[in-house]
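Descriptive analysis of the structure
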There are 2 protein chains.
Amino acid sequence: MEYNSKQIQIIEVAERLFAQKGFAGTSVRDIAQEADVNVSMISYYFGSKEKLIEALFQFRMTESRSRLETLVTNDELSPMQKINMLIDNVIDRLMGNQSFHNIMLRETLSSDRNETISKHIMGLKMRNIELMQRLIQEGQAAGVFREGIDMSLMSTTLYGTVNYAIATQDFYKKINNLESMGEEEFQIHLKRSLSQHLKSLFKSTVTNEHHIQN
Amino acid sequence: MEYNSKQIQIIEVAERLFAQKGFAGTSVRDIAQEADVNVSMISYYFGSKEKLIEALFQFRMTESRSRLETLVTNDELSPMQKINMLIDNVIDRLMGNQSFHNIMLRETLSSDRNETISKHIMGLKMRNIELMQRLIQEGQAAGVFREGIDMSLMSTTLYGTVNYAIATQDFYKKINNLESMGEEEFQIHLKRSLSQHLKSLFKSTVTNEHHIQN
DNA sequence: GATAAATTCAAACGATCGTTTGAATTTTGT
DNA sequence: ACAAAATTCAAACGATCGTTTGAATTTATC
């Protein structure tokens, strides 16, 4: 499915409003007004409000098919370098599409989900964890990563930390006295801090040197 | 403010439905029906739907004033033992009140928040991070924790991991082939896995032995 | 430039929303 | 037992919801 500029305009406004106020908390009249189109255009183009959010997911999911898939076959990078690239890629993706990932997290929190959206999220999570699995196994085969790593919990920590950091960034700003910092500068600062934090966290957990089993 | 059993019944039903479908996605008629009371009782008891969720927050926040505050002054525990107790306490609190923390996370994700609720969340986060701060500083004073720990990001990893693990527990079940496991058994399993995972993560990051600065 | 197709719009649809009403009923205090 | 207060209820309130209508207008096709 391809969208014309007007449809994309509606999708982008909807994305911002859904992230700010939730799906149920956003009316189609809100969206129409901010996107500067007539209310009926949403039904006309997408069929319904429900189909609109499905279109949003299809729109954002297909564009994000990461270039990371080729990472595993790259022989010039060490397993640790690959893990670090994966971490930076997750941070960049989540921080670069904060509204969309906000909506995705909201949908994950809902127990009665739209089925189309559920499948998109499930597919994405599957691909993410399989990629991570392969990177870890490669490191183990090379003898630099320890055995017995809980893959799904490492992935949970990676995505959980980044998602939560984004959700509580105002609080982070307050706590670290960064309120005078410009918004763009702050985003870069947060990215760098997250990157360093997560890389350090993963390094000490994933390498088999000095790891204590309990 | 004290609530009678009928009010508590309404609050508990509202908590469950808000967690399932979001605040805006839940109607007062939904709540009234499931709580087996007349619709007007919600306005009668709480004033409005908005005041109801505020009552929910006040209800859950005041009951959770953790006994952790005395942890710092306990001399019989090592800094690492205290950190581990903190981790288990966070896991227990979040997993023991999944619906409420689901709602709290949803509110955190909203940019136009209810002011009363914002203050509750802000106050809670402040207390959490101050407690953690004190525990870390004690460990540093004792020479067993390294310097330069990013407190707010460690806290973000702790809460982010647990929150995200709870949000994606169905996925976790699927990935780890635990779908035949009973619900209660699974909750215990997840708790234990999270506990071990986070303790191991924190131990290797917080102790100054073997830590590599980059 | 005529015809068809796609788009835009104000207006209205029925449904559902949160809240209020006022009478009926139950509980409480004396 | 009686009056006062608190509770319960069906019904209705106006507002807003998502969606549709049908005519008007623009754009595309030949």
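Residues numbered from 1 in each chain as written. Chains lettered and ligands numbered in written order. Predicted model: local features only at pLDDT ≥ 70, side-chain atom pairs only at ≥ 80, totals over all residues. Heavy atoms only, no water.

**Quick word on the domain arrangement of chain A**
Think of interface size as the accessible area that goes away when the parts come together; that is how it is often given. All names here are of chain A. Domain boundaries assigned for chain A yield domain 1 (5-60) and domain 2 (66-206). The C-alpha-based centres of domain 1 and domain 2 are spaced at 28 Å. Every contact between the two is made by 14 residues of domain 1 and, on the other side, twelve residues of domain 2. In this structure, the connection of domain 1 to domain 2 is made through zero salt bridges. Where domain 1 touches domain 2, the interface holds three residue pairs in polar contact (both at pLDDT 80 or more). (Domains from an automatic or database assignment. Contact = heavy atoms within 4.5 Å. Salt bridge = Lys/Arg side-chain N within 4 Å of Asp/Glu carboxyl O. Polar contact = N/O pair within 3.5 Å; in protein donor to acceptor, adjacent residues only side chain to side chain.)

**Here we look at the pattern of salt bridges**
Residue and element names in this part refer to chain B. Enumeration over the complete set of coordinates arrives at 16 salt bridges over all chains. Across the pair Lys191 and Asp92 runs a salt bridge, and its minimum N-O distance is 3.2 Å. With Lys191 in helix α10 (residues 183-206) and Asp92 in helix α5 (residues 79-96), this residue pair connects regions lying 99 residues apart in the sequence. Among the residues examined, Lys191 registers a relative accessible area of 31% and is labelled partly exposed. (Helix = DSSP H or I, 4+ residues; strand = E, 2+ residues; numbered from the N terminus. Buried < 20%, exposed > 50% of the residue type's maximum accessible area, 1.4 Å probe, protein only.)

**Here's the deal with the protein's contact with DNA strand C**
Among the 16 residues in the neighbourhood of DNA strand C, the closest are listed as Met41 of chain A together with Val28, Arg29, Ser48 and Lys49 of chain B. For DNA strand C, the fraction of atoms within 4 Å of the protein that belong to sugar or phosphate moieties is 47%. Between DNA strand C and the protein, one listed contact pairs a phosphate oxygen with a side-chain N or O atom of Tyr45 of chain A at 3.2 Å. Here a phosphate oxygen of DNA strand C and a backbone polar atom of Val28 of chain B are 2.8 Å apart. The set of elements that each furnish at least two residues to the surface near DNA strand C consists of α3 (40-46) of chain A together with α2 (28-35) and α3 (40-46) of chain B. A class-by-class count of the residues in the surface near DNA strand C yields five nonpolar, seven polar and four charged. (Near = heavy atom within 4 Å. Nonpolar A, V, L, I, M, F, W, Y, C, P; charged D, E, K, R; others polar.)

**Some words on the interface of chain B and chain A**
Counting residues at the interface gives 49 residues for chain B, matched by 49 residues for chain A. Together chain B and chain A conceal approximately 4600 Å² of surface at their shared face, both sides included; 66% is due to carbon and sulfur atoms. The three residues of chain B that bury the most area against chain A are Leu109, Tyr164 and Phe171 of chain B, which together make up 16% of that side's buried surface. If you look at where chain B meets chain A, you find zero salt bridges. Between the two partners, chain B and chain A, sit 18 residue pairs in polar contact (both at pLDDT 80 or more). Among the secondary structure elements, those contributing two or more residues to the side of chain B that touches chain A are α1 (5-21), α6 (98-109), α7 (115-141), α8 (151-167), α9 (169-175) and α10 of chain B. Here the side of chain B that touches chain A takes twelve residues from α8 of chain B, the largest share from any one element. Classifying every residue of the side of chain B that touches chain A gives 18 nonpolar, 22 polar and nine charged. (Buried area = accessible area lost by both parts, 1.4 Å probe.)

**Examining the side chain of Glu107 of chain A**
Residue and element names in this part refer to chain A. You can see Glu107 is positioned in helix α6 (residues 98-109). No salt bridge is formed by the buried Glu107; the nearest opposite charge belongs to Arg113, separated by 6.3 Å. What Glu107 contacts, discounting residues up to four positions off in sequence, is Ile53, Phe57, Arg113, Asn114, Ile117 and Ile121. (Lys, Arg positive; Asp, Glu negative; His and termini not counted.)

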